[in-house]
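Understanding the architecture of this molecule
If you want the building blocks of each chain, they are given just below.
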Amino acid sequence: MLASAALPIILEAVLQLTLISSTASTSYPDFQLFNVKQTLIGVREPRPLETSEYHELSNISESDQGKWKLKLVHRDKLSSNTTSTLQEDSHIFHARMQRDVKRVATLLRRLSGGGGHDSDATNYEVKDFGSDVVSGMDQGSGEYFVRIGVGSPPRSQYMVIDSGSDIVWVQCQPCSQCYRQSDPVFDPAGSASYAGVSCSSSVCDRIENPSCHSGRCRYEVMYGDGSYTKGTMALETLTFGRTEVKNVAIGCGHINRGMFIGAAGLLGLGGGSMSLVGQLGGQTGGAFSYCLVSRGTNTSGSLVFGRGAMPVSAAWVPLVRNPRVPSFYYVGLSGLGVGGIRVTLSEDIFRLTELGYGGVVMDTGTAVSRFPPPAYDAFRNAFIAQTSNLPRVSGVSIFDTCYNLSGFVTVRVPTVSFYFSGGPILTLPASNFLIPVDDVGTFCFAFASSASGLSIIGNIQQEGIQISFDGANGFVGFGPNVC
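Residues numbered from 1 in each chain as written. Predicted model: local features only at pLDDT ≥ 70, side-chain atom pairs only at ≥ 80, totals over all residues. Heavy atoms only, no water.

Digging into unusual backbone geometry
Each neighbour pair has its own omega, and for Ser152 with Pro153 the value is 0°, a cis peptide bond. Looking at the element boundaries, Pro153 is found in the loop between strand 6 (144-150) and strand 7 (155-162). That bond from Gly479 to Pro480 is cis: its omega, 5°, falls within 30 degrees of zero. Tracing the backbone shows Pro480 in strand 33 (residues 475-482). (Helix = DSSP H or I, 4+ residues; strand = E, 2+ residues; numbered from the N terminus.)

Put into structure tokens, the structure is as follows:
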């Protein structure tokens, strides 16, 4: 599959985490100083992508001991270039929270057996390409984008990375209905490496709810906001810097609506066989590592494929598999801590049941971490008890615990920690749990109550921390690096 042995592949980010996180097994500070002023400067003065960066990120690559680098951007960077109204802080925040609610609905739908597909997917035929699609919001739930080449010669496209999805897909010509993207829609007629997939192919057998027309395999995926992609399956070449990955099974979407503003499609990194990680198989050992960086900042992070990406000194936690949704990465979480004190909770509240309910999922597509109501209430109340010196204000959007920090340069806040199964404790930087919701100094405790027994560790809480997935051996690692 690989035309180059240059793995692992690194996808570099243009974002930044302002405070340092740490992993520890025995101790951590009870309190930390949070720089309110510096955080607000980042909100008020985001640096949008320059025009040259926006359209030519695929040309910014370099080799480093066999590692190939590309840039990865947060969607807010693209939004500031494509839609001027999204520069308004309130609009950006509320749009992100709306996307987040829809994202969580997608995960719950899949757990309930909906599979993320329309019930009439098997009736999908060529005539459907001309029909209108009723969609949810126009901006979908994608948060982090990478720029790669699609086809031969490679056409540069932004792709959303998503650890909770398996399929890789791009918008394709002829496109009877496509949402707006930053680059021309990919035309398979101009690619020498494009090959359609027959209905009898093993690729067609591995996708959910496939259908067939004129001997060609068709797919359909619907997301929680009502948006979806429909099209044909194909084998195509993807290019990461100077590294070509041949015969990747992708969806070529001819009807797509409302998914990811600016991006051409989705690069699934889930645990299933059809994700990019699954398709690379033994060549990367099911291993990849990423470091997500905060919105509105400019430091680099990374996404790395291959066993060489696995850090030696990470704090490793067992992955927990759920046969009902093999795409999801579950981890063992045993408790939560505030200010160095473990919150009194039953460990059963985070346990994945034999029937596949509950548990804790790591997800790049969800922004805000969710916990079941009993866990969230106790966690939030512990935080409130240790921040009684800070002025409270009314809740905002999905957040019920907010503060007016407009008169502060720095504030002293309690630490927030995750206790993982086997002993590791991950203590978050304050910027990963106290986030601005406007540009005047309103900050909220960045967690929410789950509508079900499912817990989710979202990307806000993951920011700035190197996170490594060793699928072959069944572990996820935290640290030791930060970004």
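Comments concerning the state of the cysteines
For the coordinates displayed, the defined rule picks out 5 disulfides. Sulfur-sulfur distance for the disulfide between Cys172 and Cys252 comes to 1.9 Å. Handedness of the Cys172-Cys252 disulfide follows from its S-S torsion of about -110°: it is left-handed. Residue Cys172 is found in the loop between strand 8 (168-171) and strand 9 (195-196), and its partner Cys252 is found in strand 13 (residues 243-256); the two are separated by 80 residues along the sequence. When sorted by exposure, Cys172 lands in the same class as Cys252, which is buried. The disulfide that involves Cys204 links it to Cys217, with 2.2 Å between the sulfurs. As the torsion about the S-S bond is roughly 90°, the Cys204-Cys217 disulfide counts as right-handed. Taken together, the residues span a long stretch of sequence, with Cys204 in helix 5 (residues 202-206) and Cys217 in strand 11 (residues 216-222) at a distance of 13 residues. (Disulfide = S-S within 2.5 Å. Buried < 20%, exposed > 50% of the residue type's maximum accessible area, 1.4 Å probe, protein only.)

Description of the pairing of strand 12 (residues 228-240)
Among the 13 residues of strand 12, 12 are classified as buried, and the element is accordingly described as predominantly covered. For strand 9 and strand 12, the ladder comprises 2 bridges, and the chain directions are antiparallel. Bridge pairing links Gly196 to Ala234 in strand 12. Pairing geometry for strand 11 and strand 12, over 5 bridges, is antiparallel. (Pairing = 2+ DSSP bridges.)

Some words on the nonpolar core
Nonpolar side chains in soluble globular proteins tend to be buried together. Counting 69 residues, the largest nonpolar core has Leu267, Phe371, Phe418, Phe433 and Phe447 as its most contacted members. Ranked by residue count, the leading element in this core is helix 7 (residues 373-385), at 5 residues. Among the nonpolar cores identified, the runner-up in size contains 15 residues, and Ile167, Cys217, Ala249 and Met274 belong to it. (Core = buried A, V, L, I, M, F, W, Y, C linked by side-chain atoms within 4.5 Å.)

Description of the pattern of salt bridges
Scanning the model with the defined rule gives 9 salt bridges in all. Its salt-bridge partner being Arg103, residue Asp162 comes within 2.6 Å of it at the nearest N-O pair. Here the residue Asp162 occupies a position in strand 7, and Arg103 occupies one in helix 4 (residues 89-111), the gap between them amounting to 59 residues. Using a relative accessible area of 3% as the deciding quantity, one classes Asp162 as buried. The class of Arg103 is buried, set by a relative accessible area of 4%. Of the charged contacts in the structure, one is a salt bridge between Arg103 and Asp363, with a shortest N-O distance of 2.6 Å. Of this pair, Arg103 sits in helix 4 while Asp363 is found in the loop between strand 21 (360-362) and strand 22 (369-371), placing the two residues 260 residues apart along the sequence. In terms of burial, Arg103 and Asp363 fall into one category: buried. (Salt bridge = Lys/Arg side-chain N within 4 Å of Asp/Glu carboxyl O.)

What to know about the pairing of strand 7
Summarising burial for strand 7: 6 of the 8 residues are buried, a large majority. Relative to strand 7, strand 6 runs antiparallel, the two sharing 6 bridges. Its bridge partner lying in strand 7, Gly149 is registered against Ser156. Where strand 6 folds back on strand 7, the antiparallel hairpin that results is connected by 4 residues, among which Gly151 adopts a positive phi of roughly 90°.

Honestly, that's just the spatial picture; any functional story needs more than this.
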